[in-house]
Structures are given as structure tokens and as C-alpha cells.
Amino acid sequence: MGLLAFRTLKFRKASFVATFVAMFLGAAIVMACGGLMETGIRMDAQPQRLSGAPIVVTGQQTSDSGALSERGRVDPALVDTVRGVPGVAKAVPDVSFPAVVVPGGAGASDIDDADGGSTAGHNWASASLAPYTLDSGAAPTGADEVVLDRTLAERADASVGSRVELAVQGVSHSYLVSGVVSRSGPDGDPAVFVSDDRARELTGGVDNIGVVPEAGASVATVTSAVKDAVDGDASVLAGERRGLAEAPAP
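Residues numbered from 1 in each chain as written. Predicted model: local features only at pLDDT ≥ 70, side-chain atom pairs only at ≥ 80, totals over all residues. Heavy atoms only, no water.

S.K.: Account for the overall build of the protein chain, with residues named and values stated.
M.R.: A tally of helices and strands in the protein chain yields 7 helices and 13 strands. Among the 250 residues that make up the protein chain, the fraction classed as buried is 37%. Long-range contacts, defined here as pairs at least 24 residues apart, represent 77% of the contacts in the protein chain between residues at least 6 apart. A total of about 13800 Å² of accessible surface is found on the protein chain, and carbon and sulfur atoms cover 57% of it. (Helix = DSSP H or I, 4+ residues; strand = E, 2+ residues; numbered from the N terminus. Buried < 20%, exposed > 50% of the residue type's maximum accessible area, 1.4 Å probe, protein only. Contact = heavy atoms within 4.5 Å. Areas by Shrake-Rupley, 256 points an atom, 1.4 Å probe, with all protein chains shown as cover.)

Written out as C-alpha cells, the structure is:
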């Protein structure tokens, strides 16, 4: 049968080539789809900056009409609600905002060319969730104080007592560097921290709530209790899904 097929090839070269190409492309498409499926099944979003919180409460990122154009935030009142759930030791509000840090000698007009560069700003309380450790200086308490992580401090040539320009939403202000921190575990993106009050002034809301259960408490039990407490007003994530709170899908 095979010999007969080969003998007829000289009379049907075009159809043979077309069939071969079609089968080759079909097999390639099936393999690509299989690869995408396997990636989707195995993909996880390991938390980084929120890795110290076994449970994360985050805002809803979708509505009845689909994905939200802006990040969905958490009602600040939920922090106290979650904090009062039995089995919860800490409920830490997490606030994030894009920022640009430049050395103190640079003006606002020099931001694009400065050495500090774009980074992410956070409230100081959330530093305990990564966790970050103060290498020098003190936590930011005043509205004009910041703490830089070591990578960012070296990049901006800044140290405790020096000043840097921090631009948020196109507005630049001078801040005193009150401290420098380093991060335990794998390095993450450069970060700058402001006081909790200043972070709320800059953003007006809370992005996530990091939940730390009491010693000996079951994470699964506390997760269920937190879900009941927020009553659908936010998403409650545990395990590898916590990473979705740091980088929600658009």
C-alpha cells in the first residue's frame, strides 16, 4: 500500500505537498495550544512584597461589564473589620502608587533624566510584609520623610539625612531620607516608603490588606472567617493566589 502511494506521487505532487503542509501546520497549532494550556495550568503568581501575609484581602478587579479600567481598591473601613475577625493577629493595610525618585540636587524638570528612576511607593506599615529591615535611620513619621530600599538609595546616591525629590502624579516634593532598608529573601523591585498618613493623602485609598493569623490558627479557617466578614466586598486570597493582589490582571 505504501509502495503504491509513493509510485503515484509523481502524478499528484501538488496535492501531496498541500496535504503535507496542512498537516504540518495543524500539528504545530495543536502543539502550541497544548503548550499554552500546560502553561496556564502550571502558572502561579507567587507573592513577593506581600509574602509575609498568609492571607491577602484585595479589591474586586472586575465588574458585570468586564475588567475595570483602574485597579479596584478596598474600602479602608474593611481594615478594622478584618482586624476584628477571630484568629487574626494583624491586618496590615497596603497602599501602592507609582513614583519617580531623583537625587536632591535635581529639580522637577530633570526627573526624566535623573538617576533614581521610576519605582513604586508604599506605606510604611506594608514594609513588614515583605519583610524589609531597617539598616540605618528610622521609620518615616513626618509628611516629608521617606525610607528608601538599599538598591534605590545607591541608585539615587542617597543616604540617611540627605534629601531626594519624589514625584507622584506629576507633582514633585522634597523629602528627607529618614532611613534605608534591605529586603529579606529574593530581591524585588526598588521601593520607596512614606508614612501611612502620607500614603493615604497621595492615594486616598487602600489597595490590599495583609492578614497574619494568630499563632496556631488554621490559615484555612481564618481565610473562611475573613471571607464571611468582608461579605463579597473584596476578594480574599490565600496560597499562591496572593500574588494576584500585587499584579492584578487588567
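Don't stop here, the text continues.
S.K.: Describe the pairing of strand β4 (residues 88-94), and please don't skip the residues or the numbers.
M.R.: Taking burial as the measure, the 7 residues of β4 include 5 buried ones, the bulk of the element. Both β4 and strand β12 (residues 208-213) contribute to a ladder of 6 bridges, which runs antiparallel. Bridging from a neighbouring strand, P93 pairs with I209 of β12. (Pairing = 2+ DSSP bridges.)

S.K.: Go over a negative patch on the surface, please, and point to the residues and values.
M.R.: Taken together, the side chains of D75, D228, D231 and D233 define an acidic patch exposed on the protein surface. Mapping D233 onto the fold places it in the loop between α6 (219-230) and β13 (235-238). Residue classification places D233 among the exposed residues on the basis of a relative accessible area of 54%. (Patch = residues over 30% accessible without salt bridge, like charges linked within 9 Å, V, L, I, M, F, W, Y side chains within 5 Å. Salt bridge = Lys/Arg side-chain N within 4 Å of Asp/Glu carboxyl O. Lys, Arg positive; Asp, Glu negative; His and termini not counted. Charge placed at Lys NZ, Arg CZ, Asp CG, Glu CD.)

S.K.: Any details on the sheet that holds β12? Residues and values, ideally.
M.R.: Across the sheet, which stays open at both edges, the 4 strands sit in the order β4-β12-β1-β13 with antiparallel pairing between neighbours. Unpaired on one side and paired on the other, β4 and β13 mark the two borders of the sheet. Mean inter-strand twist for the sheet, computed between neighbouring axes without regard to direction, equals 25 degrees. (Axes fitted to C-alpha atoms, helices over the stretch in contact; angles between N-to-C directions.)

S.K.: Can you tell me about the side chain of D207, naming the residues and giving the values?
M.R.: Relative to the helices and strands, D207 resides in the loop between α5 (196-203) and β12. The class for D207 is buried, based on a relative accessible area of 3%. Only 2.8 Å separates the side chain of D207 from the side chain of R73, close enough to count as a polar contact. (Polar contact = N/O pair within 3.5 Å; in protein donor to acceptor, adjacent residues only side chain to side chain.)

S.K.: Would you mind going over unusual backbone geometry in detail, with residue names and values included?
M.R.: That bond from A130 to P131 is cis: its omega, -5 degrees, falls within 30 degrees of zero. For P131, the position within the fold is in the loop between β6 (117-123) and β7 (132-137). Within the chain, Q169 stands out as a residue other than glycine whose phi angle is a positive 55 degrees. Summarising the element assignment, Q169 is placed in the loop between β9 (163-168) and β10 (171-183). By relative accessible area, Q169 is classed as exposed at 68%.

S.K.: Give me the nonpolar core: which residues, what numbers.
M.R.: In this structure, F97, V146, L148 and L166 are the most contacted members of the largest nonpolar core, which totals 20 residues. Of all elements in the fold, only β5 (96-103), β8 (145-149), α4 (150-155), β9, β10, β11 (191-194) and α5 reach the threshold of two or more residues within this core. The contacts of L166, once residues within four sequence positions are left out, are A99, V100, V101, V146, V171, S172, H173, Y175, V192 and V194. Ranked by size, the runner-up nonpolar core spans 17 residues in total, among them V74, L78, V79 and A234. (Core = buried A, V, L, I, M, F, W, Y, C linked by side-chain atoms within 4.5 Å.)

S.K.: Let's hear about the pairing of β8: which residues, and what values?
M.R.: Within β8, 5 of the 5 residues are buried, which leaves the element mostly enclosed by the surrounding structure. Judged by which residues are buried, β8 turns out to be covered on both faces: E145, V147 and D149 on one side and V146 and L148 on the other are all buried. Of the pairings in the sheet, the one linking β8 to β10 comprises 5 bridges and is parallel in character. What sits directly across from D149, in β10, is V181.

S.K.: Account for the pattern of salt bridges, naming residues and giving values.
M.R.: Scanning all chains against the criterion turns up 6 salt bridges. One salt bridge in this structure joins R73 and D207, with 2.8 Å as the shortest N-O distance. Here the residue R73 occupies a position in the loop between β3 (66-67) and α3 (77-83), and D207 occupies one in the loop between α5 and β12, the gap between them amounting to 134 residues. The shortest N-O distance in the salt bridge between R200 and D197 comes to 2.3 Å. Of this pair, R200 and D197 both sit in helix α5, 3 residues apart, which is roughly one turn of the helix. When its relative accessible area of 41% is taken as the criterion, R200 is described as partly exposed.

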